[in-house]
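Structure at a glance
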Amino acid sequence: MGDPLFVDGVDWGDAAIVGVKVVIAFALLLVATMLMVWFERKVISDMQNRIGPNVAGPWGILQTFADGVKFFFKEDLRPVNADPLVFRLAPYISAVTAFLAFAIVPVGGVFRDTGAVTGTITIFGKETFAQVADPPAGILFLLAVSSIAVYGVMLAGWSSGSKYPLLGAVRASAQAVSYEAALGLSVVTVVLVAGTLRTNGIVAAQADGITSWGILTTGLIAFVIFLISATAELNRPPFDLVEAEQELVGGFHTEYSAIRFALFYLAEFMNVITMSAIMVTLFFGGPAGPVWFDLTWLWPTVWFMAKVLVFLFTFVWFRATLPRLRYDQLMGLGWKILIPLALGWALVISAVRLRNTYDWNVWLTLAIGVGLLVPATGLVVAAIGAGDRAYSRELADAGSEPSRE
Amino acid sequence: MGYLDGFRVTFGKLFDERVTTEYPKEKRPKPPRLHGRHVLNRYEDGMEKCIGCELCAGVCPARCIYVRGADNPPDDPVSPGERYGFVYEINYLRCIHCDLCVEACPTEAITETKVFEFAFANRMDSIYTREELLVDDDGRPRAQPWELWVEGDDEHTSGWMRATSPSGDADYEGRVGWSPELGYGVRPPEPPQSAAGGRSSPDAAPADEDADRPGDEDRAGDEH
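Residues numbered from 1 in each chain as written. Chains lettered and ligands numbered in written order. Predicted model: local features only at pLDDT ≥ 70, side-chain atom pairs only at ≥ 80, totals over all residues.

**So, the interface of chain B and chain A**
Taken together, the 11 residues of chain B in the interface contact 10 residues of chain A. For the side of chain B that touches chain A, the per-class residue count stands at 4 nonpolar, 3 polar and 4 charged. (Contact = placed C-beta atoms within 7 Å. Nonpolar A, V, L, I, M, F, W, Y, C, P; charged D, E, K, R; others polar.)

Encoded structure:
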C-alpha cells in the first residue's frame, strides 16, 4: 500500500520526482500563505464594512509581498536579556514544523474505495501519490509535528528575557497541551472508522461519495470537536489568548522584529492552511469530487483547494465574529467539555465499530453501552461540579480575608 | 439560534456598503464654514480688496499676520481706496485658523479656503506672502506645490463669514452669515443658521429667500 513510486526500488529518477514534489509543495505553501494573509485581511475588512488592502497590486493582492519585503529590510533586534542561540533558533522551529506538517496531506489524485493503491498522479511517466510523504504513522506525524511547533513558541517566549513573551508562551504551551488531547481524541474516531493511520488510506476510505465522508461516518461531533480544538491549537480567535494584545502586547513574539517575526507570522498562517487541509482530509474526503472532461489530474486538486478555502473562510469568520475567551473559560472548555466529550465519543464510535465487526446483538450492545456511559458521564459531571464548588469556595475565602483583618 | 446570531451578522456585512472613504483619492464634502488657509480676494476688475489697515494683524491672537500698508500709486492703483497692503504675510506655523482676521476685515479682503492639507517642508514655505495669498485673475486661489488640492475644491473656497454676531449684534439668528463672494463666480450665500433647528443643507438655499432680508442685501451692496 506504499507509494507506487518506490515499489520497483528507488533510483535517481524517483529521488528527483520526490525533490520536485517537495519544491512544488514548498512553493505552493508559501504562495498560499501569502494569499491567505491577504485573504484574511480582505475578508475581515469586508465583514467590518471596510475596504482592506487595496493599493499594492490588483485588489491589494501583493500587500503581503510588500510586507514581506519590508520585513527583510528592517533591523533585526535582539534584547540584551535574550538568550542568543535559543532566541534565534525559535522562529525556525516554528517555520520548519509548519512546512513539515503539510507533507502528509494528499492534495490531488483520484481516489477509489477499492483496497488497491489509489489517489495517484503521474509525474514524468511515473505514478506517485499527490503528497510529499505518506508515512505509515500518517496522522500521528501531524500531531507530533504540531507538538514540536509548541517548542518554537515556548522557546521564543522564554528566550526573549522579557515578561510579556514569557506569559504568552506559558499560555501558549498550556493551551496547546490542553487542546492537543481533544484534537487527538477526535482524530482517533476518524482513524477507527478508516482503519488506517495513513492519510492516503483515510482519504481512500472516504471515496464513496458524500455518505462515506468522515464528517458523517464519525457522526459530526468528532468534526465539531476537531474544529474547536484546531482553532485553539492554531491560537486563532476566539482562542488567541497567546497574543492577546490588550494583556500581553504581542504575546510570545513581542520581542521579535524583522525577518524572525515574519517567520512566526508565516508559520502561524501556514498552520492555518495546514489545519484546514487536515480537516478536509479527515472529514471531507480530501480531493474527492466529481471529475469532468477526463481532467483527472486537475479536478481533485481543484476540489481540494475549494474545500480548504471554505475552512480558511471559516477561520476568518470566527475571528470576525467571536470575542476572545477568558483564560479560565478557555481551560474550562478544553478540560471539562471537549476532552470528556471527545473521549466519550471515541468510545461510542469504537463500540459501534465493534458491534459491526463482530455482529453483536444491537439491543444488548446498546443497553450495555448506555449502562456504562450514563454512570461514567455522571461521574465526570459530579467531579467537575465538585471542582467548581471547591474553586468558588476558595474564591469566596480569598475575597473575605481583607475584611477579617 | 441565539449564540450563533453573530455569525449571521458578520456574514451579512460581507455584502454591506463600505463606510471607508479612500481619503487621498476621494474626499468627503467639507463643512460649509471650514477654516483652511487664507486667500486675499480681489474685485472683479482685478483691484485688490486689501486696504492695508492692519486690523487683521491687530486682532490675530497668534500674531501670525504681518501687514504693511502703503499709499496707492496714483497712476497705477492696486486697490480702489487710498492705501493698499503692499506687504502681507501669514505664518502658518503660527496660525490657529480662528478666523478672527476674516471677521475683522472691513472689506472682505481676507477669507479662508477649505484647504487644510498643506505640508510645507521648510520654514520659508510656511510664511505665505502676498503673491501666494492673492487669488489669480479667475478668482481662484493659487495652489502652491505643497498643497493638496483636488478637482473642484477651489470652487468652494471663498466666502466671507462671520463666526460671531455681526457688529456686536447678538441677534444673528436667521441672518445670512456671509455674503456671496466676488471671486470665482457668484454663489448664493450660506443659508441662515438656526440655533434650534440645526443647519439646513447648503444647496437647499434659494437665492430669493435672502431677498426677504433687506439688511443683508444692503450690507452687501454697500461694500461692493
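Moving on from the coordinates now.
**Describing helix α5 (residues 163–194) of chain A**
Between the first and last C-alpha of α5 of chain A there are 46 Å, a value that for 32 residues agrees with the 46 Å anticipated at 1.5 Å per step. One or two positions beyond α5 of chain A, positive phi appears at Gly195 of chain A, with a value near 75 degrees. (Helix = DSSP H or I, 4+ residues; strand = E, 2+ residues; numbered from the N terminus. Expected span 1.5 Å × (residues − 1).)

**Observations regarding the sheet that holds strand β5 (residues 127–128) of chain B**
Residue and element names in this part refer to chain B. Pairing in this open sheet of 3 strands is antiparallel, and the strands run β2-β3-β5 from one edge to the other. Each end of this open sheet is capped by a strand with a single partner; those strands are β2 (65–71) and β5. With 2 bridges joining them, strand β3 (residues 83–91) and β5 adopt antiparallel strand pairing. Paired with Asn91 across the strands is Ile127, a residue of β5. (Pairing = 2+ DSSP bridges.)

**So, the domain arrangement of chain A**
Examined at the domain level, chain A breaks down into domain 1 (70–350) and domain 2 (361–405). With centres defined by C-alpha atoms, the gap from domain 1 of chain A to domain 2 of chain A works out at 31 Å. (Domains from an automatic or database assignment.)

**Re the nonpolar core**
With 102 residues, the main nonpolar core has Ile273, Met279 and Ala342 of chain A as its most contacted residues. When residues in this core are grouped by element, the largest group, 16 residues, is from helix α10 (residues 258–283) of chain A. Among residues more than four places away in sequence, those in contact with Met279 of chain A are Phe226, Leu227, Ala230, Phe284 and Phe311 of chain A. Among the nonpolar cores identified, the runner-up in size contains 22 residues, and Tyr88, Val102, Leu133 and Leu134 of chain B belong to it. (Core = buried A, V, L, I, M, F, W, Y, C linked by C-beta atoms within 7 Å. Buried ≥ 20, exposed ≤ 12 C-beta atoms within 10 Å, placed from the backbone.)

**Topic: the environment of Leu185 of chain A**
All names here are of chain A. By the element assignment, Leu185 lies in helix α5. In the structure, Leu185 is positioned 105 residues away from Val80 in sequence and 42 Å away in space, judged by C-alpha atoms. Residues in contact with Leu185, not counting those within four places in the same chain, are Ile339, Ala342, Leu343 and Ala346.

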